[in-house]
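Here is what each chain is made of, one letter per residue.
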Amino acid sequence: MKLLIPAVVLFFALETAVADVYVEAKSKAKVTSESYAVSYFTNDAVNHVRLGKSFDNTYFEAGKMTNGVSTEAGYKFKNLGGTNFTLKGKVESTKLDGGQWKHGVETELRYTFN
């Protein structure tokens with residue numbers, strides 16, 4: 001019985017700590033005059049596996065990619081000011097093995113018709 005209460009407290013503490021933690025895998029391939037499948041299966045694709053954590057309106061991911069590492073942080077706000085607008089954006093950083101960090105920013109504003 002002495003261990004039951006600390007075990008329950010530890011269980012809920014760990015549950016809170018890992019809540020909204022996820023693993024994401026994605027693949028990017030450039031589409032040229034060759035087909036996507038040819039590009040993908042000839043290792044021209046860049047594959048990512050990231051561990052992420054989401055919060056109320058934001059998230060952060062970091063992990064391994066083909067020949068390097070990558071991170072991403074972003075946000076999403078729905079119904080801005082009680083309207084049908086959604087604003088979302090992200091910053092993505094990649095670094096190939098032995099290379100320099102490259103950064104990109106993406107922002108989207110969407111209006112949804114009811």
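The structure under discussion appears in the preceding block.
1. Details of the sheet that holds strand 6 (residues 101-111)
Spatially, six strands are ordered 1-2-3-4-5-6 in an open sheet, and the strand pairing comes out antiparallel. What marks the edges here is a single partner per strand, and that holds for strand 1 (21-28) and strand 6. Within the sheet, the average angular offset between the axes of one strand and its neighbour, ignoring direction, is 20 degrees. Summarising the sheet, strand 5 (residues 85-96) and strand 6 pair through eleven bridges and their orientation is antiparallel. Paired with Glu92 across the strands is Gly104, a residue of strand 6.

2. Considerations on unusual backbone geometry
For Asn67, which is not glycine, the phi dihedral falls at a positive 60 degrees. By the element assignment, Asn67 lies in the loop between strand 3 (58-65) and strand 4 (68-77). For Asn67, a relative accessible area of 52% corresponds to the exposed category.

3. A word on the side chain of His48
Turning to its location among the elements, His48 is positioned in strand 2 (residues 46-54). In this structure the side chain of His48 is engaged in a polar contact, spanning 3.1 Å, whose partner is the side chain of Ser70. Excluding residues that lie within four positions of it along the chain, His48 makes contacts with Glu24, Ala25, Lys26, Lys28, Lys64, Met65, Ser70, Glu92 and Thr94.

4. Description of the pairing of strand 4
Summarising the sheet, strand 3 and strand 4 pair through eight bridges and their orientation is antiparallel. Residue pairing for strand 4: Gly63 is matched across the bridge by Ser70. Where strand 3 hands over to strand 4, the hairpin turn is made up of two residues, of which Asn67 adopts a positive phi near 60 degrees. Across ten bridges, the pairing between strand 4 and strand 5 is antiparallel. Directly across from Gly74, in strand 5, lies its bridge partner Lys90.

5. What about the pairing of strand 2?
Two elements, strand 1 and strand 2, share eight bridges in a ladder whose sense is antiparallel. By the bridge assignment, Val23 is partnered in strand 2 with Leu51. Two elements, strand 2 and strand 3, share seven bridges in a ladder whose sense is antiparallel. Looking across to strand 3, one finds that Val49 is bridged to Lys64. With antiparallel pairing between neighbouring strands as the criterion, strand 2 and strand 3 make up a hairpin whose turn holds three residues.

6. A word on the packing of aromatic side chains
Applying the stated rule across the entire model yields three aromatic pairs. Between Tyr75 and Phe77 the ring centres are 5.9 Å apart and the planes differ by 35 degrees, which places this aromatic pair in the tilted class. Ring geometry for Phe85 versus Tyr111: centroids 5.0 Å apart, planes at 65 degrees, classification edge-to-face. Of this pair, Phe85 sits in strand 5 while Tyr111 sits in strand 6, and the two are 26 residues apart along the sequence. Take Phe85: its relative accessible area is 33%, and that puts it in the partly exposed class. According to the relative accessible area criterion, Tyr111 is partly exposed, its value standing at 40%. Ring pairs connect the aromatic residues Phe85, Tyr111 and Phe113, which therefore count as one cluster.

Here is what the cut-offs are and how they apply
- Residues numbered from 1 in each chain as written.
- Predicted model: local features only at pLDDT ≥ 70, side-chain atom pairs only at ≥ 80, totals over all residues.
- Heavy atoms only, no water.
- Pairing = 2+ DSSP bridges.
- Helix = DSSP H or I, 4+ residues; strand = E, 2+ residues; numbered from the N terminus.
- Axes fitted to C-alpha atoms, helices over the stretch in contact; angles between N-to-C directions.
- Buried < 20%, exposed > 50% of the residue type's maximum accessible area, 1.4 Å probe, protein only.
- Polar contact = N/O pair within 3.5 Å; in protein donor to acceptor, adjacent residues only side chain to side chain.
- Contact = heavy atoms within 4.5 Å.
- Phe/Tyr/Trp six-rings, centres within 6.5 Å; stacked < 30°, edge-to-face > 60°.

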